[in-house]
Amino acid sequence: RRREWEYSVPTRPDPGETPPGVTLKPFGRAEEGPLRLLDRTIRAEVPTWPDMPAEVLVRPGWDPAKYAVATDGHEYVGLLRLTMVTRLPRIGLIAVRADHQRRGIARALLAHTLGALHHVGKEVASAEVTESNLAATGLFESFGARRTGSNLELVIR
């Protein structure tokens, strides 16, 4: 049903470039209500979302420290979720609302995240990208990410 590329992404200092009118809220600064609204908006825009393994979890213990968000004015327009798998940071989701795509918001979120990880001494992060998502593949590879493996999901019908 789907294949994901596994990537190793080198960290580096954040160049601090964000698109005009966009502000990044660092990890731990996201507000739950607007973040959940952004999650629902993005889910509605992506026809293949049921195939996606990532989501903003709705349960006690929701941790805003895992999310960096991009805002345009007072609206949340993009998000990036970062988790720690053992000692290796894992970029679990990067998404931007359809009406704000192609402006460099995902690039700014990724640069911010890699910069924050670099600042705390992490040399690499991992990420999984759906093979068919050419925009995300291009984005990660433009940051020097290299493929380290893949996952293939098979469905018996």
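Everything below is about the structure printed above this text.
Undergrad: Tell me about the nonpolar core, residues and numbers included.
TA: Core analysis: the largest hydrophobic core is formed by 27 residues, its most contacted members being Val9, Ile91, Leu110 and Phe140. Of all elements in the fold, only strand E1 (2-10), strand E2 (22-25), strand E3 (67-72), strand E4 (75-85), strand E5 (88-96), helix H2 (105-119), strand E6 (124-130) and helix H3 (134-142) reach the threshold of two or more residues within this core. Here this core takes 7 residues from H2, the largest share from any one element. In this structure, Ala30, Ile42, Tyr67 and Ala95 belong to the second largest nonpolar core, which totals 10 residues.

Undergrad: Requested: an account of the environment of Leu117, with residues and values cited.
TA: Among the secondary structure elements, Leu117 is positioned in helix H2. Spatially, the C-alpha atoms of Leu117 and Arg12 are 7.9 Å apart, while their sequence positions differ by 105 residues.

Undergrad: A description of the pairing of E1 should follow, citing residues and the corresponding values.
TA: Bridge count between E1 and strand E7 (residues 146-153): 7 bridges; the pairing is antiparallel. Looking across to E7, one finds that Trp5 is bridged to Ser150. Direction of pairing for E1 relative to E6: antiparallel, over a ladder of 7 bridges. When the bridges of E6 are listed, Tyr7 appears paired with Ala127.

Undergrad: Residues and numbers for the environment of Leu82, please.
TA: By the element assignment, Leu82 lies in strand E4. Classification of Leu82 as buried rests on a relative accessible area of 13%. A C-alpha to C-alpha distance of 9.4 Å links Leu82 and Ala127, two positions 45 residues apart in sequence. In this structure, Leu82 is in contact with Phe27, Lys66, Pro89, Arg90, Ile91, Thr113 and Leu117, ignoring residues within four places of it in sequence.

Undergrad: Describe the pairing of E2, with residues and values.
TA: Burial of E2 is one-sided: the residues Val22 and Leu24 facing one way are buried, the residues Thr23 and Lys25 facing the other way are not. Of the pairings in the sheet, the one linking E2 to E3 comprises 4 bridges and is antiparallel in character. Bridge pairing in E3 places Leu24 opposite Ala70.

Undergrad: Give me the environment of Glu31: which residues, what numbers.
TA: Considering the arrangement of structural elements, one finds Glu31 in the loop between E2 and helix H1 (32-45). Measuring from C-alpha to C-alpha, the distance between Glu31 and Thr83 comes to 18 Å, with 52 residues separating the pair along the chain.

Undergrad: Describe unusual backbone geometry, naming the residues involved and giving the relevant values.
TA: Look at Arg102: it is not a glycine, yet its phi comes out positive at around 65°. Note on placement: Arg102 falls in the loop between E5 and H2. On the accessibility criterion, Arg102 (75% relative accessible area) is exposed.

What counts as what
- One numbering rule holds for all chains: residues counted from 1, following each sequence as written.
- Restriction of local features to residues with pLDDT of at least 70 applies here, the model being predicted, together with a cutoff of 80 or more for giving and counting side-chain atom pairs; totals for whole chains, interfaces and linings are based on all residues.
- The basis for the side-chain values is all heavy atoms of the structure; hydrogens and waters are excluded.
- Here, nonpolar core refers to any group of buried Ala, Val, Leu, Ile, Met, Phe, Trp, Tyr and Cys residues whose side-chain atoms link them within 4.5 Å.
- A 1.4 Å probe rolled over the protein chains alone gives each residue an accessible area, and that area as a share of the maximum for its type sets the label: buried under 20%, exposed over 50%, partly exposed in between.
- The helix and strand labels rest on DSSP assignments: H or I over at least four residues marks a helix, E over at least two residues marks a strand, and numbering proceeds from the N terminus.
- A pair of strands is labelled paired if DSSP reports no fewer than 2 bridges between them.
- Any two residues having at least one pair of non-hydrogen atoms within 4.5 Å are treated as being in contact.

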